[in-house]
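Residues per chain, in single letters:
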Amino acid sequence: MAMNPRLLRPTASGFNPKQISNLAMWLDGNDASSLTLVSSAVSEWKDKANNKVFAQTTANNRPTLETINGKTALAFGGSKTLSCVDPFTTYPLSMFFVQRLVAHTNFGMTYTVGGGNDFNLRQNGTGGTLQIQMTSTAAGYAFTTLSTTAAELISVVYESTAANSVAYLNGAALTPSSGSFSQPTLSGTHWIGTRNGGFPINGYIGEILIYSKTVSASERSKITQYLGKKWGITVA
């Protein structure tokens, strides 16, 4: 008996971040094809959206591989860092980061631009408080304390004014306890895991999505659900 042709069709692949417009950067630690390994360490992490490459030429400074809830992620700590020049440069932005901290570190930088008080997604001091620096001075928005026992999804919808810029942890909106707002430059070297080699995080980064627009509530929900399901994070 002939096979029903409907059974031969590929199953639906589910949500893909590229289904939402203006995807400026997509780093996926669980995609082996996006990683270049040298002696089991990551020398290059390739962007799946626009073919940018975050790289590290010094062997001792290359991140290694770990897992977040069974998915491959990059392990950062000490001098381990990756960098890329101008992977994205314009506002507005919608940013999504999957990370799992092992320990809090002094001003530990998940993602930063430049070598000073530019855009920083970091811990505020030694207490592990999430801080998003959206200003050209040392001030920034301080939020809640980050976990060192579970993976988390940090997202920021960053518009042209403070009133319209919102941060989320695991899909739930956060209220800043302090800080100020501006639009620091995005041009120059972007760093993952440190700020120009300093202020390292101690933890794993699984995935980063950057959209060069303000995503809608519906789009943000789709991205949040996708990342939560993929990385085993309970999200709102």
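One can find the structure itself at the top, above this paragraph.
About the cut-offs
- Residues numbered from 1 in each chain as written.
- Predicted model: local features only at pLDDT ≥ 70, side-chain atom pairs only at ≥ 80, totals over all residues.
- Heavy atoms only, no water.
- Helix = DSSP H or I, 4+ residues; strand = E, 2+ residues; numbered from the N terminus.
- Buried < 20%, exposed > 50% of the residue type's maximum accessible area, 1.4 Å probe, protein only.
- Contact = heavy atoms within 4.5 Å.
- Lys, Arg positive; Asp, Glu negative; His and termini not counted.
- Salt bridge = Lys/Arg side-chain N within 4 Å of Asp/Glu carboxyl O.
- Phe/Tyr/Trp six-rings, centres within 6.5 Å; stacked < 30°, edge-to-face > 60°.
- Lys NZ or Arg CZ within 6 Å of the ring centre and 35° of its normal.
- Pairing = 2+ DSSP bridges.
- Polar contact = N/O pair within 3.5 Å; in protein donor to acceptor, adjacent residues only side chain to side chain.

K.L.:
Before we move on, can you summarise the overall build of the protein chain with the specific residues and values?
P.N.:
Looking only at helices and strands, the protein chain features 1 helix and 17 strands. The burial tally for the protein chain puts 49% of its 236 residues in the buried class. Long-range pairs, those at least 24 residues apart, make up 63% of the contacts in the protein chain between residues at least 6 apart in sequence.

K.L.:
Quick rundown of the side chain of Glu152? Include the residues and the values.
P.N.:
By the element assignment, Glu152 lies in strand E13 (residues 152-158). Buried Glu152, no salt bridge; nearest opposite-charge side chain is Arg100, N-O distance 9.1 Å. Non-local contacts of Glu152, meaning those with residues more than four positions away in its chain, are made with Phe97, Val98, Gln99, Leu146, Ser147, Leu169, Asn170 and Ile233.

K.L.:
Any chance you could break down the pattern of salt bridges for me, citing the residues and the numbers?
P.N.:
Enumeration over the complete set of coordinates arrives at 6 salt bridges. For Asp28, the salt bridge is made with Lys230, and the minimal N-O distance between the two is 2.9 Å. One end of the pair, Asp28, is in strand E1 (residues 23-28); the other, Lys230, is in helix H1 (residues 217-231), with 202 residues separating them in the sequence. On the basis of relative accessible area, Lys230 is assigned to the buried category, the value being 17%. Between Lys48 and Asp31 there is a salt bridge, with its nearest N and O atoms 3.0 Å apart. With a gap of 17 residues between them, Lys48 in the loop between strand E3 (41-46) and strand E4 (53-55) and Asp31 in the loop between E1 and strand E2 (35-38) connect regions that are remote in the sequence. Accessibility expressed as a relative area gives 22% for Lys48, which makes it partly exposed.

K.L.:
Please give an account of the packing of aromatic side chains that cites residues and values.
P.N.:
To describe a pair of aromatic rings, one takes the distance between the centres and the angle between the planes. Inspection of the entire model under this criterion finds 7 aromatic pairs. Judged by centre distance (6.0 Å) and plane angle (85°), the rings of Phe107 and Phe199 are edge-to-face. In this pair, Phe107 sits in the loop between strand E8 (93-103) and strand E9 (109-113) while Phe199 sits in the loop between strand E16 (189-192) and strand E17 (202-211), placing the two residues 92 residues apart along the sequence. With a relative accessible area of 26%, Phe107 lands in the partly exposed category. Since its relative accessible area comes to 32%, Phe199 is described here as partly exposed. Stacked on the ring of Trp26, the Lys or Arg Lys48 has its end atom at 4.0 Å from the ring centre.

K.L.:
Let's hear about the pairing of E13: which residues, and what values?
P.N.:
Burial within E13 is extensive, with 7 of its 7 residues counted as buried. Sheet topology places E13 next to strand E14 (residues 166-169); 4 bridges connect them, and they run antiparallel. Along E14, the bridge assignment pairs Val157 with Val166.

K.L.:
Kindly report on the environment of Asn106, identifying the contributing residues and their values.
P.N.:
With respect to the secondary-structure elements, Asn106 resides in the loop between E8 and E9. Along the sequence, Asn106 and Gln123 sit 17 residues apart, while their C-alpha atoms lie 7.0 Å from each other. Apart from the residues within four sequence positions on either side, Asn106 is in contact with Gly125, Thr126 and Phe199.

K.L.:
Describe the side chain of Lys230, with residues and values.
P.N.:
A distance of 2.9 Å separates the side chain of Lys230 from the side chain of Glu207, its partner in a polar contact. Setting aside chain neighbours within four positions, we find Lys230 in contact with Asp28, Asn30, Lys71 and Glu207.

K.L.:
Any chance you could break down unusual backbone geometry for me, citing the residues and the numbers?
P.N.:
The residue after Tyr91, namely Pro92, is reached through a cis peptide bond having omega -5°. Tracing the backbone shows Pro92 in the loop between strand E7 (82-85) and E8. Its identity as a non-glycine residue notwithstanding, Asn69 has a phi of 50°, on the positive side. Relative to the elements of secondary structure, Asn69 occurs in the loop between strand E5 (64-68) and strand E6 (71-76). By relative accessible area, Asn69 is classed as exposed at 53%.

K.L.:
I'd like to hear about the pairing of E9, residue by residue, with values.
P.N.:
Side-chain direction in a regular strand flips from residue to residue, so the side chains alternate between the two faces of the sheet. Counting buried residues in E9 gives 5 out of 5 residues, a clear majority hidden from the surface. Strand direction decides the pairing type here: E9 and strand E10 (residues 119-124), joined by 3 bridges, are antiparallel. Within E10, the position partnered with Met109 by the bridge is Arg122. In terms of strand pairing, E9 meets E16 through 3 bridges, oriented antiparallel. Its bridge partner being in E16, Val113 is matched across the sheet by His190.

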